[in-house]
Amino acid sequence: MNMHAANAIGISAWKTILGISVASIGWDEAIGLLNRMLAERRFTKVSFLNAHNANVASIDAAFADALDDFLILPDGVGVDMAAKILYGSPFPANLNGTDFIPGFLQAVSKRLTVGLLGATRRNADAAAGKLAAIAAQHNYVVIHDGYFSPQEEPGVVETIRALRPDVLLVAMGVPRQELWIARNLTDKHCTLPIAVGALLDFLSGAVPRAPDWVRRMRLEWLFRLVVEPGRLWRRYIVGNPLFLARVLRQKIVGEGSR
């Protein structure tokens, strides 16, 4: 999100990680910010930056360009380490979508329509049920799974436009979900489209979360690696050191480097 747009929505504190501006705000401040966007019906695309997303953006110019028009929130220990290296202090809060989105929905008392798009239909339905159990004041609508064809896409977009949810949770993985939001959605479709990655899979229980004590130690990435080594070894074993190397390069070369 460019600085003019950031100032317009009242965010003054930012940290730039590999050329991506990330809002440096606390948990309650982030909830208040999104709540205000809803109250004003201010169309705002939202995503989260972690080490993996930052690595993808470093080699995918289209993805990096798309993120420039998103409100980016900090996700995980990797970007906290980057913030310490680059700015001397971590982000005020870990706003990872898996915890923050349910927390945000619980905190908003006004009834919202929340659309779910992505994952498998079974997992999306189960995630809607889980959200309805923890934040029952909202209306949850599963729009489609994440496996629609190009021929089906216009119908999916039209369904969103007809429903016009307040919040649209898009769970298609990085970078597809952000690129899909950027390409297809405007203020005619929803107010807050949020790229949520594996959130629906986690909520459904199809993918287990780390125990609380592991999360408190900031080691959930290691838990996920143990659970899904074949899929995630490259992201963490190769990707984490690569991310830190890029961050160190940014510190040496300059703030905006990717």
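Residues numbered from 1 in each chain as written. Predicted model: local features only at pLDDT ≥ 70, side-chain atom pairs only at ≥ 80, totals over all residues. Heavy atoms only, no water.

Looking at an unreviewed UniProt entry, the protein chain carries the name WecB/TagA/CpsF family glycosyltransferase, with the source organism given as Allomesorhizobium camelthorni.

Section: the overall build of the protein chain
Using the following cut-off: To qualify as a helix, a DSSP run of H or I must reach at least 4 residues; to qualify as a strand, a run of E must reach at least 2; elements of each kind are numbered from the N terminus. As defined in this context, the radius of gyration uses C-alpha atoms, and a globule is described by 2.2 Å times the residue total to the power 0.38. Only protein chains enter the accessibility calculation, which uses a 1.4 Å probe; a residue whose area is less than 20% of its type maximum is buried, one above 50% is exposed, and one in between is partly exposed. Between two residues, a contact is recorded if the distance between any of their heavy atoms is within 4.5 Å. His is not counted, nor are the chain ends, whereas Lys and Arg count as positive and Asp and Glu as negative. Where a charge lies is defined by one atom per residue type: Lys uses NZ, Arg uses CZ, Asp uses CG and Glu uses CD.
When its secondary structure is counted, the protein chain shows 13 helices and eight strands. Taking 2.2 N^0.38 as the reference for a compact globule, 258 residues should give roughly 18 Å; the C-alpha atoms of the protein chain span a radius of gyration of 17 Å, in line with that estimate. For the protein chain, with 258 residues in total, the buried portion stands at 53%. Summarising the internal contacts of the protein chain: among those between residues at least 6 apart in sequence, 74% fall at separations of at least 24. Counting 28 positive and 23 negative side-chain charges, the protein chain places the centres of these two groups 2 Å from one another.

Focus: the side chain of His138
Considering the arrangement of structural elements, one finds His138 in the loop between helix H7 (121–134) and strand E6 (139–144). By relative accessible area, which is 4% here, His138 ends up buried. With residues up to four places along the chain from it excluded, the contact list for His138 reads Leu105, Val108, Lys110, Arg111, Leu112 and Val114.

Concerning the packing of helix H3 (residues 51–59) against helix H13 (residues 229–253)
Filter applied, for reference: Working convention: axes come from line fits to C-alpha atoms, limited for helices to the stretch in contact. Angles between N-to-C directions cover 0 to 180 degrees. Under this scheme an angle from 65 to 115 degrees is roughly perpendicular, one under 35 degrees roughly parallel, and one over 145 degrees roughly antiparallel; angles in between are oblique. By definition, turning the near helix anticlockwise from the far helix through less than a right angle yields a left-handed crossing, and turning it clockwise yields a right-handed one. Residues were grouped as follows: Ala, Val, Leu, Ile, Met, Phe, Trp, Tyr, Cys and Pro as nonpolar; Asp, Glu, Lys and Arg as charged; and all remaining residues, including Gly, as polar.
Relative to each other, H3 and H13 sit at 70°, their axes nearing to 9 Å. Judged by the angle between their axes, H3 and H13 are roughly perpendicular. Crossing of H3 against H13: the hand is left-handed. For the pair H3 and H13, the contacting residues are Ala51, His52, Ala54, Asn55, Ser58 and Ile59 in the first and Arg235, Gly239, Asn240, Leu242, Phe243 and Arg246 in the second. Of the residues in the contact of H3 with H13, the class split is five nonpolar, five polar and two charged.

Some remarks on the domain arrangement of the protein chain
Spelled out, the test is: For every domain, the bounds stem from an assignment made automatically or drawn from a database. Take a side-chain nitrogen of Lys or Arg and a carboxyl oxygen of Asp or Glu: if they are within 4 Å of each other, that pair is a salt bridge.
We note that the domain assignment places domain 1 (3–204) and domain 2 (212–256) within the protein chain. Across the contact, 23 residues belong to domain 1 and 17 residues belong to domain 2. At the junction of domain 1 and domain 2, the tally comes to two salt bridges. A salt bridge links Arg215 to Asp99, with the nearest nitrogen and oxygen atoms 3.7 Å apart. If you list the elements that add at least two residues to the side of domain 1 that touches domain 2, you get strand E1 (14–17), H3 and helix H5 (77–87). The element best represented in the side of domain 1 that touches domain 2 is H5, accounting for nine residues. Its residues assigned to classes, the side of domain 1 that touches domain 2 comprises 13 nonpolar, eight polar and two charged.

As for helix H9 (residues 176–184)
For clarity, the cut-off: Taken from the helix axis, the directions to the C-beta atoms give the arc we talk about.
Taken residue by residue, H9 has Gln177, Glu178, Trp180, Ile181 and Asn184 as its buried positions. All buried residues of H9 fall inside an arc of 165° around its axis, so they share one side. Its buried side turned inward, H9 meets strand E3 (46–49), helix H4 (61–67), strand E5 (113–118), helix H8 (153–163), strand E7 (167–171) and strand E8 (192–195).

Quick notes on the packing of H8 against H9
At a minimum axis separation of 12 Å, H8 and H9 run at an interaxial angle of 70°. Overall, the two elements H8 and H9 adopt an arrangement that is roughly perpendicular. Contacts from Glu153, Val156, Val157 and Ile160 of H8 reach H9 at Trp180, Arg183 and Asn184.

Observations concerning helix H6 (residues 97–107)
For H6, a buried count of eight out of 11 residues is recorded, marking the element as mostly surrounded by other parts of the structure. Buried within H6 we find Gly97, Thr98, Phe100, Ile101, Pro102, Gly103, Phe104 and Leu105.

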